[in-house]
Structure formats: C-alpha cells, structure tokens
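# Structure assessment
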Amino acid sequence: MKRFVKLAAMIIAAAWLTTPALAHAAEWRIDPTHTTVSFKVRHLGVTWVQGEFQRVSGTVRYDRKNPGAAAADIVIDADSINTRNARRDNHLRTDDFLLVEKHPSITFKSKAVKNAGPEGLDLIGDLTIRGVTREVVLKVADISGEVRTGRGTVKMGASATTRINRKDFGVKFNRLLEAGGLVVGNEVRITIDVELNKL
C-alpha cells in the first residue's frame, strides 16, 4: 500500500511539473544590433513621416509550448531618435515632444497575455513616455523558430505593433494649417522588429 501511495505521488508530481500553464518560459535578451523600433506619424495630413530609435535593450520570456507565459521588459533610449533630419530630431528631443533631458527612457513592461497561439499573441502592458504611463497592447506576430548560429548562440525573432495617441502621453505640440488641418497627426504607429538571444 505504501509503495502504491508513493508511486501515485510521483505520478502527480510529474504531471504538475509538466503542465504547460506551470512550465517556465525561456529567457531571452534583446539583440540591439538586429532590433529596430520604428514609428510613423502623419505630416500635413498627406503622408507618413517615419523614424526610429537606434538604441534599445531589454529581456523577453517566451516558450512556443507555453505562449501564455510570455512577457517583455523593454527600454528605449529616447535620445536616440532618428528621422533622418537633424533639426527635426533636435526638436523632437525638446519639451514640445519627448523632453529627453528629464525623461531619457521610453519603457514597456508587460503584465498580461491574451489570444496566445502558435501564430502570435497580444502582449498587454504599461508604456511610459515622458513620465506618463498608459496601458497598450502589443500585437505580436511573425514569431520565428529557434536558430543556432555558427557561434553557438540560439536566436529567435518576432514583430510587434501598436498604435497610440501621442496626446495621451502629454505630447501635445502642434500647429494649425491655413486649411484647418494639423501639421502633425495625433496617431503614432509603432513597430518593433526584434531579434533575441537565448540566455
């Protein structure tokens, strides 16, 4: 009887440890040289002006067998903004926009996952820009498989997108056009193409 009870306990423990919801997801670090954080915003209501942040770091937790346990902690250097126009970039660094002197980092920290599946997931978290935090949803797709490089590093990648209203983060600068429109649109579309190194 004691042997049966011991065997049953071992089986239950094994099942508990291998349950996907309880499995630990793999840890990854963002590869900054192969990761792009880009954005675009309407200019004069006629086209999209694009830019990117050239310095990004952070960690990601993800396991294809347990996508519901995914998480991300991302830090973007606000001063690294680049729209291919030095005068515009300097203006974007001022109090009219990002105020990088007081708020040098833009951060995203996830707190929940929805719609997790083999093709992608929704990563819900707090986005902080110039000291203002709002909840956003990163729609993650194009999740690759794991690849081992010639140097032995294990990598994977994905793309994530979201849309925000810049005014929600205190970025309210604008000018009116003679026709009544705005020079700078309020909606900002953000894309993160990330490459990860397994820890």
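Scroll up to find the structure.
Here we summarise the structure given alongside this text. (Residues numbered from 1 in each chain as written. Predicted model: local features only at pLDDT ≥ 70, side-chain atom pairs only at ≥ 80, totals over all residues. Heavy atoms only, no water.)

Among the secondary structure elements, Asp122 is positioned in strand E8 (residues 120-129). In terms of polar contacts, Asp122 uses its side chain to reach the side chain of Asn115, at 2.6 Å. (Helix = DSSP H or I, 4+ residues; strand = E, 2+ residues; numbered from the N terminus. Polar contact = N/O pair within 3.5 Å; in protein donor to acceptor, adjacent residues only side chain to side chain.)

Here we take up empty space enclosed by the protein. In total, this model carries one cavity of 30 Å³ or more according to the counting rule given. Size it by volume and the largest cavity reaches roughly 250 Å³. Forming the boundary of the largest cavity are 21 residues, of which Val60, Leu123, Val140, Ala158 and Val194 lie nearest the centre. Breaking the lining of the largest cavity down by element, the ones donating at least two residues are strand E4 (56-62), strand E5 (71-77), E8, strand E9 (132-141), strand E11 (154-165) and strand E12 (184-198). Looking at the lining of the largest cavity residue by residue, the classes come out as 18 nonpolar, two polar and one charged. (1 Å grid on protein atoms, 1.4 Å probe; cavity = no way out; pocket = protein on both sides within 12 Å on 5 of 7 lines; lining within 4 Å. Points joined across faces, edges and corners; volume = space filled by probe spheres on them. Nonpolar A, V, L, I, M, F, W, Y, C, P; charged D, E, K, R; others polar.)

Moving on, we get to the layout of surface pockets. Estimates place the volume of the largest pocket at around 740 Å³. Looking at the lining of the largest pocket, its residues break down into 26 nonpolar, seven polar and four charged.

This model, assessed by the stated rule, comprises 12 salt bridges. The closest approach of N and O atoms between Lys109 and Asp73, which form a salt bridge, is 3.3 Å. In this pair, Lys109 is assigned in strand E7 (residues 105-117) and Asp73 in strand E5, connecting sequence segments 36 residues apart. Several salt bridges share partner residues, and in doing so they unite Asp31, Lys155 and Glu195 into one network. (Salt bridge = Lys/Arg side-chain N within 4 Å of Asp/Glu carboxyl O.)

Looking at where Arg134 falls in the secondary structure, it is placed in strand E9. As for Arg134 and Phe108, which are separated by 26 residues in sequence, their C-alpha atoms are 9.7 Å apart. Excluding residues within four positions of it along the chain, Arg134 makes contact with Gly125, Asp126, Leu127, Asp168 and Phe169. A distance of 3.3 Å separates the side chain of Arg134 from the backbone oxygen of Asp168, its partner in a polar contact. (Contact = heavy atoms within 4.5 Å.)

All quantities given are derived from atomic positions and should not be read as evidence of function.
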